[in-house]
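Analysis of the macromolecular model
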Amino acid sequence: QLDRLAVAQGLVRANDAAAKSNIDVAVPAFQAYFLDNGTYAGMTLARLQSRYSRGVRNITVVSVRATTYCVRSNVGGRNWYKAGPAGRITTTRCR
């Protein structure tokens, strides 16, 4: 039983790390998009991938406004969010 629990906990930690990494890897593309456009409005995953980095993946752009954005990464059924540009990556939902 303890081995199964340890494996399950390890999997959750690994999935959480992957989700947070997905967002971390995408942040420079968000910044570049804003520098080029003067706004986050219109920022989509497809645009980020085609214009800034094909390495941006496994994220969902939840919302964008002129000076803010909200993105989510889901790995293993757990959601991680970033309310940007200044927010931390957290499990707290942003809109």
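For the structure given in this document, a descriptive report is provided here.

Calculation rules
Residues numbered from 1 in each chain as written. Predicted model: local features only at pLDDT ≥ 70, side-chain atom pairs only at ≥ 80, totals over all residues. Heavy atoms only, no water. Pairing = 2+ DSSP bridges. Helix = DSSP H or I, 4+ residues; strand = E, 2+ residues; numbered from the N terminus. Phe/Tyr/Trp six-rings, centres within 6.5 Å; stacked < 30°, edge-to-face > 60°. Lys NZ or Arg CZ within 6 Å of the ring centre and 35° of its normal. Core = buried A, V, L, I, M, F, W, Y, C linked by side-chain atoms within 4.5 Å. Buried < 20%, exposed > 50% of the residue type's maximum accessible area, 1.4 Å probe, protein only. Contact = heavy atoms within 4.5 Å. Salt bridge = Lys/Arg side-chain N within 4 Å of Asp/Glu carboxyl O. Polar contact = N/O pair within 3.5 Å; in protein donor to acceptor, adjacent residues only side chain to side chain.

Observations concerning the sheet that holds strand β3 (residues 78-84)
Two strands in a sheet stick together by hydrogen bonds in their backbones, pointing the same way (parallel) or opposite ways (antiparallel). Taking strand neighbours across the sheet as the criterion, the 4 strands line up as β1-β2-β3-β4 in an open arrangement whose pairing is antiparallel. Across the chains shown, the open sheet's two edge strands, defined by having one partner strand only, are β1 (60-64) and β4 (89-90). Here strand β2 (residues 69-75) runs beside β3; their pairing, made up of 7 bridges, is antiparallel. Across the sheet, residue V75 finds its bridge partner in β3, namely R78.

Topic: the packing of aromatic side chains
Applying the stated criterion across every chain, the model contains 4 aromatic pairs. Put simply, the rings of F30, F34, Y40 and Y69 pair up and form one aromatic cluster. The ring of W80 has K20 lying over it, and the distance from NZ or CZ to the ring centre is 4.6 Å.

Looking at the nonpolar core
Side chains of nonpolar character tend, in soluble globular proteins, to be buried together. Counting residues in each nonpolar core, the largest one holds 16 residues, and the members touching the most others are I23, F30, M43, L48, V56, I59 and Y69. Secondary structure elements with two or more residues in this core: α1 (2-37) and β2. If one sorts the elements of this core by residue count, α1 sits on top with 7 residues. If near-sequence neighbours (up to four positions away) are discounted, V56 is found in contact with A26, A29, L45, L48 and Q49.

Focus on the pattern of salt bridges
All told, the structure shown has 1 salt bridge when counted by the stated rule. Across the pair R78 and D16 runs a salt bridge whose closest N-O atoms are separated by 2.6 Å. Of this pair, R78 sits in strand β3 while D16 sits in helix α1, and the two are 62 residues apart along the sequence. For D16, a relative accessible area of 10% puts it in the buried group.

As for the pairing of β1
By the bridge criterion, 4 bridges tie β1 to β2 in an arrangement that is antiparallel. Bridge pairing in β2 links T60 to R72. Hairpin geometry of β1 and β2 is characterised by an intervening segment of 4 residues between the two adjacent antiparallel strands.

Digging into the environment of N79
Note on placement: N79 falls in strand β3. The exposure class of N79 is partly exposed, given its relative accessible area of 27%. For the pair N79 and R93, spaced 14 residues apart in sequence, the C-alpha separation works out to 8.2 Å. Aside from chain neighbours lying at most four places away, what touches N79 is R72, S73, N74 and T91. A polar contact of 2.8 Å, which involves the side chain of N79, links it to the side chain of N74.

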